[in-house]
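Okay, here's what each chain looks like letter by letter:
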Amino acid sequence: RKEVEQDPGPFNVPEGATVAFNCTYSNSASQSFFWYRQDCRKEPKLLMSVYSSGNEDGRFTAQLNRASQYISLLIRDSKLSDSATYLCVVKWWGQNFVFGPGTRLSVLP
Amino acid sequence: EAGVAQSPRYKIIEKRQSVAFWCNPISGHATLYWYQQILGQGPKLLIQFQNNGVVDDSQLPKDRFSAERLKGVDSTLKIQPAKLEDSAVYLCASSLDPGTGVQYEQYFGPGTRLTVT
């Protein structure tokens, strides 16, 4: 089983839609969680950290479920500019960051 | 504030040739990472430096890959000899990481796109 798994997509949604991505991780001794965004042929950039109590940043909401070992990202009111690949990142105690394969989102006009 | 700089941006070489990539992290960032990103996959860590010391190189194919960060600032990653499966984007990232175990945001450079023919 891979350490960090994501549905590769693509998710094709119309503007204004709400879309959710899930990410599962294999090791329960996990420390930190992040969502990164990567535009086509660009470098990854931090979208948001994921906290145990869940957190929100504008149209973006991240949730963590340690018991089921998954994190989620919810995007409300999708914009064309949200089209990108969303990378789930997990860090385990004493180990480095592990990136998931990414989920591709296309927001259609 | 200047971002992470990398060069070259693109490189095409034949298999069995050698290649080197350069990275200059954000000023003051103690930790530097090299990642390999194959098309359609997430970045995979190759090596992590804290200042000029290696923290993690467990996934670096040491028979052909080497990296150094001699003065604790910029870094080079070398592949010798290259194989077809080394075709990927090589990303450098840096973070503040004061060594207290707190992981700060990683800032990525634009990457070097390597094609091995």
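This one's a predicted model, so the numbers in the text were calculated from it and none came from an experiment.

Analysis parameters
Residues numbered from 1 in each chain as written. Chains lettered and ligands numbered in written order. Predicted model: local features only at pLDDT ≥ 70, side-chain atom pairs only at ≥ 80, totals over all residues. Heavy atoms only, no water. Buried < 20%, exposed > 50% of the residue type's maximum accessible area, 1.4 Å probe, protein only. Helix = DSSP H or I, 4+ residues; strand = E, 2+ residues; numbered from the N terminus. Pairing = 2+ DSSP bridges. Phe/Tyr/Trp six-rings, centres within 6.5 Å; stacked < 30°, edge-to-face > 60°. Contact = heavy atoms within 4.5 Å. Buried area = accessible area lost by both parts, 1.4 Å probe. Salt bridge = Lys/Arg side-chain N within 4 Å of Asp/Glu carboxyl O. Polar contact = N/O pair within 3.5 Å; in protein donor to acceptor, adjacent residues only side chain to side chain. Nonpolar A, V, L, I, M, F, W, Y, C, P; charged D, E, K, R; others polar. Disulfide = S-S within 2.5 Å.

S.K.: Got a sec to walk through the pairing of strand S8 (residues 75-79) of chain B? Specific residues and values, please.
M.R.: Residue and element names in this part refer to chain B. Only one face of S8 is covered, namely the face carrying Ser75, Leu77 and Ile79; the face carrying Thr76 and Lys78 is uncovered. Relative to S8, strand S3 (residues 19-24) runs antiparallel, the two sharing five bridges. Paired with phenylalanine 21 across the two strands is leucine 77, which belongs to S8. Bridge count for strand S7 (residues 65-68) against S8 is four bridges, and the pairing is antiparallel. Counterpart to serine 66 in the pairing with S8 is lysine 78. Hairpin geometry of S7 and S8 is characterised by an intervening segment of six residues between the two adjacent antiparallel strands and by a positive phi of about 75° at glycine 72.

S.K.: With reference to specific residues and values, describe the environment of A:Lys42.
M.R.: Residue and element names in this part refer to chain A. Relative to the assigned elements, lysine 42 resides in the loop between strand S4 (30-38) and strand S5 (44-50). For lysine 42, a relative accessible area of 51% gives the class exposed. Separated by 42 residues in sequence, lysine 42 and alanine 84 place their C-alpha atoms 9.9 Å apart.

S.K.: I'd love a proper account of the packing of aromatic side chains, names of residues and values included.
M.R.: All names here are of chain A. Taken as a whole, this structure holds 13 aromatic pairs over all chains when the rule is applied. Consider the rings of phenylalanine 21 and tyrosine 86, whose centres lie 5.4 Å apart with planes at 35°: the pair is tilted. Of the two residues, phenylalanine 21 sits in strand S3 (residues 19-25) while tyrosine 86 sits in strand S9 (residues 84-92), which places them 65 residues apart along the sequence. Under the relative-accessibility criterion, phenylalanine 21 is labelled buried at 1%.

S.K.: For the interface of chain A and chain B, give the residues involved together with the corresponding values.
M.R.: Taken together, the contacts link 14 residues of chain A with 19 residues of chain B. Roughly 1400 Å² is buried in total at the junction of chain A and chain B, and carbon and sulfur atoms are behind 52% of that figure. The interface formed by chain A and chain B includes zero salt bridges. Scanning the region where chain A abuts chain B turns up two residue pairs in polar contact (both at pLDDT 80 or more). Of all the secondary-structure elements, those providing two or more residues to the side of chain A that touches chain B are S4, S5, S9 and strand S10 (97-99) of chain A. Per-element accounting of the side of chain A that touches chain B gives the leading share, three residues, to S4(A). Taken together, the residues of the side of chain A that touches chain B sort by class into seven nonpolar, four polar and three charged.

S.K.: Report on the state of the cysteines, specifying residues and quantitative values.
M.R.: Counted according to the given criterion, the structure contains two disulfides over all chains. The disulfide bridge from A:Cys23 ends at A:Cys88, spanning 1.9 Å between sulfur atoms. Classification of the bridge connecting A:Cys23 and A:Cys88 rests on its S-S torsion, roughly -70°, and on that basis the disulfide is left-handed. With a gap of 65 residues between them, A:Cys23 in strand S3 and A:Cys88 in strand S9 connect regions that are remote in the sequence. As far as burial versus exposure is concerned, A:Cys23 and A:Cys88 are alike and both buried. Here B:Cys23 connects covalently by a disulfide to B:Cys92, the sulfurs 1.9 Å from one another. Here the disulfide of B:Cys23 and B:Cys92 is left-handed, its torsion about the S-S bond being about -65°. Here B:Cys23, found in strand S3, pairs with B:Cys92, found in strand S9 (residues 88-95); they are 69 residues apart in sequence, far enough to count as distant.

Shape descriptors only; they carry no functional weight alone.
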